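# Coordinates in review
Listed below, chain by chain, are the residues.
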Amino acid sequence: MICPIIIRCHEGVQSYLVLDDNPRELLRHVGFAEPFSVRPWLGSLDPQDALEEWAEMLAEDPTNYMVADSGHRDYCLDCSSWDHVKMWPERQP
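This is a predicted model, so every value here is computed, not measured.

### As for the packing of aromatic side chains
Across all of its chains, the model carries 4 aromatic pairs by this definition. Between Tyr-16 and Tyr-75, the aromatic rings sit 5.2 Å apart at their centres with planes inclined by 75°, giving edge-to-face as the arrangement. Taken as a pair, Tyr-16 in strand β2 (residues 13–18) and Tyr-75 in helix α2 (residues 73–78) lie far apart in primary sequence, 59 residues in all. Residue Tyr-16 shares its accessibility class with Tyr-75, and that shared class is buried. Between Tyr-16 and Trp-82, the ring centres sit 5.8 Å apart and the planes meet at 85°, which makes this aromatic pair edge-to-face. Taken together, the residues Tyr-16 in strand β2 and Trp-82 in the segment after α2 connect sequence positions 66 residues apart.

### Regarding the pairing of strand β4 (residues 36–40)
With 4 of 5 residues buried, β4 is to be regarded as a mostly interior element. Note: strand β3 (residues 24–28) against β4, 5 bridges, orientation antiparallel. Bridging from a neighbouring strand, Leu-27 pairs with Ser-37 of β4.

### Things to note about the side chain of Ser-15
Looking at where Ser-15 falls in the secondary structure, it is placed in strand β2. Only 2.8 Å separates the side chain of Ser-15 from the side chain of His-10, close enough to count as a polar contact.

### Looking at unusual backbone geometry
Along the chain, Trp-88 connects to Pro-89 via a cis peptide bond; the corresponding omega equals -10°. Relative to the assigned elements, Pro-89 resides in the segment after α2. Positive phi is not limited to glycine here, since Glu-11 has a value of about 50°. The topology assignment puts Glu-11 in the loop between β1 (4–10) and β2. A positive phi angle is found at Ala-59, which is not glycine, with a value near 55°. We classify Ala-59 as exposed; its relative accessible area is 71%.

### A short note on the sheet that holds β2
Here we have 5 strands laid out as an open sheet, ordered β4-β3-β2-β1-β5, and antiparallel in their pairing. The open sheet has two edge strands, β4 and β5 (65–69), and neither has a second partner. Geometrically, the sheet is characterised by an average inter-axis angle of 25° between neighbouring strands, direction not taken into account. In terms of strand pairing, β2 meets β3 through 3 bridges, oriented antiparallel. Bridge assignment links Leu-17 to a residue of β3, and that residue is Glu-25. Where helix α1 (residues 47–57) meets the sheet, it contacts β1, β2, β3, β4 and β5, and its direction lies at approximately 145° from that of β5.

Cut-off values and rules
Residues numbered from 1 in each chain as written. Predicted model: local features only at pLDDT ≥ 70, side-chain atom pairs only at ≥ 80, totals over all residues. Heavy atoms only, no water. Phe/Tyr/Trp six-rings, centres within 6.5 Å; stacked < 30°, edge-to-face > 60°. Helix = DSSP H or I, 4+ residues; strand = E, 2+ residues; numbered from the N terminus. Buried < 20%, exposed > 50% of the residue type's maximum accessible area, 1.4 Å probe, protein only. Pairing = 2+ DSSP bridges. Polar contact = N/O pair within 3.5 Å; in protein donor to acceptor, adjacent residues only side chain to side chain. Axes fitted to C-alpha atoms, helices over the stretch in contact; angles between N-to-C directions. Contact = heavy atoms within 4.5 Å.

Geometry only, nothing functional implied.
This is the structure in structure tokens:
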């Protein structure tokens, strides 16, 4: 099912904020031993508000972010990179 996502362009790569029923950050870390991580998203589920919150949280310019949906070509090509990564911290019920 298609859901809103936020795309963060940084260091020549992209990270994603997925705003589905399990909201999460799919983060890419250039130059680290573990280049991928997943964190639960506890902020707004409104795409524009989430974009602004995420940019502010990372102290970055919001123009490096864009609202799209999970059908976006780059997201579809990249999202399997996080399949092997466990969310940390684990979401509490």
